[in-house]
Amino acid sequence: MILDKLENLETYKNLSPDIYEGLKYLAQVDPDIPLGSYRINERLVANVMEYMTVEEFKLGYEAHQKNLDIQYVVHGHERIKWSPIKGMDVKTPYNEQTDATFYENPTPYGGEIIIGNGNFSIMFPQDGHACQYYVGQCEKIKKIVVKVNIEKK
């Protein structure tokens, strides 16, 4: 898991061309972008969504096999719980269509992060992440999740 500010996107230029391209997209995106999915290139899709943050996210900790997530809140703030999936229990088995497994019983090696105000997070396949938690109080947020396909060609 990575937590950083978009102002540091040049740091990721040599990490991965796809991650860098996704971060560049987020750095220039219009905050008033309509909700929906936007193809950035053959390996990147930006999903723009709005939802209310909540006190408790009931689905569990999500992890992906085919994609990593770059998560960025355009309006508002969101608290995300994070835990390595190794050592966690599967709550909902892998769904090929959604590329998601949900886990429960986080390890003691996890924590929480807050995104918004220029922060982004990158969640890799080994990172269980439970999103949608409020910061201070429930609020409607606008969020962009860039899905970076990591399947081997």
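The preceding data block contains the structure.
Residues numbered from 1 in each chain as written. Predicted model: local features only at pLDDT ≥ 70, side-chain atom pairs only at ≥ 80, totals over all residues. Heavy atoms only, no water.

**Q** Could you give an account of the overall build of the chain, with specific residues and numbers?
**A** Along the backbone of the chain there are one helix and twelve strands. Going from the N terminus to the C terminus, the chain shows its helices and strands as β-α-β-β-β-β-β-β-β-β-β-β-β. Compactness check: the chain gives a C-alpha radius of gyration of 15 Å against a globular reference of 15 Å for 153 residues, within 12% of the reference. Taken over the C-alpha atoms alone, the chain extends approximately 40 × 35 × 30 Å along its principal axes. (Helix = DSSP H or I, 4+ residues; strand = E, 2+ residues; numbered from the N terminus. Rg over C-alpha atoms; globule rule 2.2 N^0.38 Å.)

**Q** Summarise the layout of surface pockets; cite the residues concerned and give the values.
**A** By volume, the largest pocket is sized at about 240 Å³. In terms of lining, the largest pocket is formed by 14 residues, of which the most central are Met49, Glu62, Cys131, Lys143 and Val145. Every element with two or more residues in the lining of the largest pocket is listed here: strand S3 (44-52), strand S5 (67-75), strand S11 (127-133) and strand S12 (140-149). Of the residues forming the lining of the largest pocket, the biggest block, four residues, is contributed by S11. Per-class residue counts for the lining of the largest pocket are six nonpolar, four polar and four charged. Put simply, the second largest pocket is a space of about 180 Å³. (1 Å grid on protein atoms, 1.4 Å probe; cavity = no way out; pocket = protein on both sides within 12 Å on 5 of 7 lines; lining within 4 Å. Points joined across faces, edges and corners; volume = space filled by probe spheres on them. Nonpolar A, V, L, I, M, F, W, Y, C, P; charged D, E, K, R; others polar.)

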